[in-house]
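Secondary and tertiary structure notes
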Amino acid sequence: DIEPALYLIGSFSDIGRFWSVRSFYSEARNWFDKVCASPEVTRYPIAFSMALNGVSFIAALQTDYKSARDLAEESQRICRSLGSGGELGLAGALLASGLTAVWSSGDIVQAEVGYEHAATIYEARSIQWERAFAILRLGVTARSRKNFQKSLLLLGECQGFFLALDDAFGLARAY
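Read on for a plain summary of the structure. Predicted model only: the values in this text are computed from it and were never measured.

Observations concerning the pattern of salt bridges
Tallied over the entire structure, the rule returns seven salt bridges. Of the charged contacts in the structure, one is a salt bridge between Asp64 and Arg29, with a shortest N-O distance of 3.0 Å. Highlighted residues: Asp64 in the loop between helix H4 (45-61) and helix H5 (65-81) and Arg29 in helix H3 (residues 25-36), separated in sequence by 35 residues. You can call Asp64 partly exposed: its relative accessible area is 26%. A salt bridge links Arg125 to Glu87, with the nearest nitrogen and oxygen atoms 3.2 Å apart. Taken together, the positions of Arg125 in the loop between helix H7 (108-124) and helix H8 (128-144) and Glu87 in helix H6 (residues 87-105) put the pair 38 residues apart, joining distant regions of the chain. Taking the relative accessible area as the measure of exposure, Arg125 reaches 38% and is therefore partly exposed.

Take a look at the structure:
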């Protein structure tokens, strides 16, 4: 069943987090390759874009930055072509692009712009876990810029989200 498989692969807060916490990066990418071998993936552009985002994040964790960047850019193209219907996928692509920019080249400016845009989309849609993650990343970039007051404010804000979500892993990252 291609569409649900794409959503599972693309989930930052469910199986995607399991794969990243357990370092099952190759497993994630293998499942992505298997699912994407089906010509049906193009019938589900939103789910496909979310899977691209999830695998972009996994590729970045593997330090395969070129693939991570390419996957996130492909997702952004798909999402932008969908207009407002592609906003959630676009938010995920912006998060993935931001992570890749910071981890590959230290480009904090590009990352910040993407994280802020993603956080705005998630806030408008009341999607709390992903919003908390975007704010967490903004707090980390503020810390990298040595803006410690802003970093503490942002990290404190995302701690509140992770507490409300009963997410001990997210809370630990925010601390």
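Some words on a nonpolar patch on the surface
Side chains of Tyr7, Ile46 and Leu82 sit close together on the surface and give an oily, nonpolar patch of about 220 Å² of accessible area. One can find Ile46 in helix H4. According to the relative accessible area criterion, Ile46 is partly exposed, its value standing at 33%.

Here's the deal with the nonpolar core
In terms of nonpolar packing, the biggest core is built from 28 residues, with Leu95, Cys158 and Phe162 touching the most fellow members. Elements represented by at least two residues in this core include exactly H6, H7, H8, helix H9 (148-164) and helix H10 (168-174). A total of eight residues in this core trace back to one element, the largest contributor, which is H8. In terms of nonpolar packing, the next biggest core, distinct from the first, is built from 21 residues, Leu6, Tyr25, Ala59 and Ile78 among them.

Concerning the packing of aromatic side chains
Across all of its chains, the model carries four aromatic pairs by this definition. Joined through ring pairs, the aromatic side chains of Phe57, Trp103, Trp129, Phe133 and Phe162 make up one cluster. Lys34 extends its terminal NZ or CZ atom over the ring of Trp31, reaching a point 4.8 Å from the ring centre.

Calculation rules
- Residues numbered from 1 in each chain as written.
- Predicted model: local features only at pLDDT ≥ 70, side-chain atom pairs only at ≥ 80, totals over all residues.
- Heavy atoms only, no water.
- Salt bridge = Lys/Arg side-chain N within 4 Å of Asp/Glu carboxyl O.
- Helix = DSSP H or I, 4+ residues; strand = E, 2+ residues; numbered from the N terminus.
- Buried < 20%, exposed > 50% of the residue type's maximum accessible area, 1.4 Å probe, protein only.
- Patch = residues over 30% accessible without salt bridge, like charges linked within 9 Å, V, L, I, M, F, W, Y side chains within 5 Å.
- Areas by Shrake-Rupley, 256 points an atom, 1.4 Å probe, with all protein chains shown as cover.
- Core = buried A, V, L, I, M, F, W, Y, C linked by side-chain atoms within 4.5 Å.
- Phe/Tyr/Trp six-rings, centres within 6.5 Å; stacked < 30°, edge-to-face > 60°.
- Lys NZ or Arg CZ within 6 Å of the ring centre and 35° of its normal.

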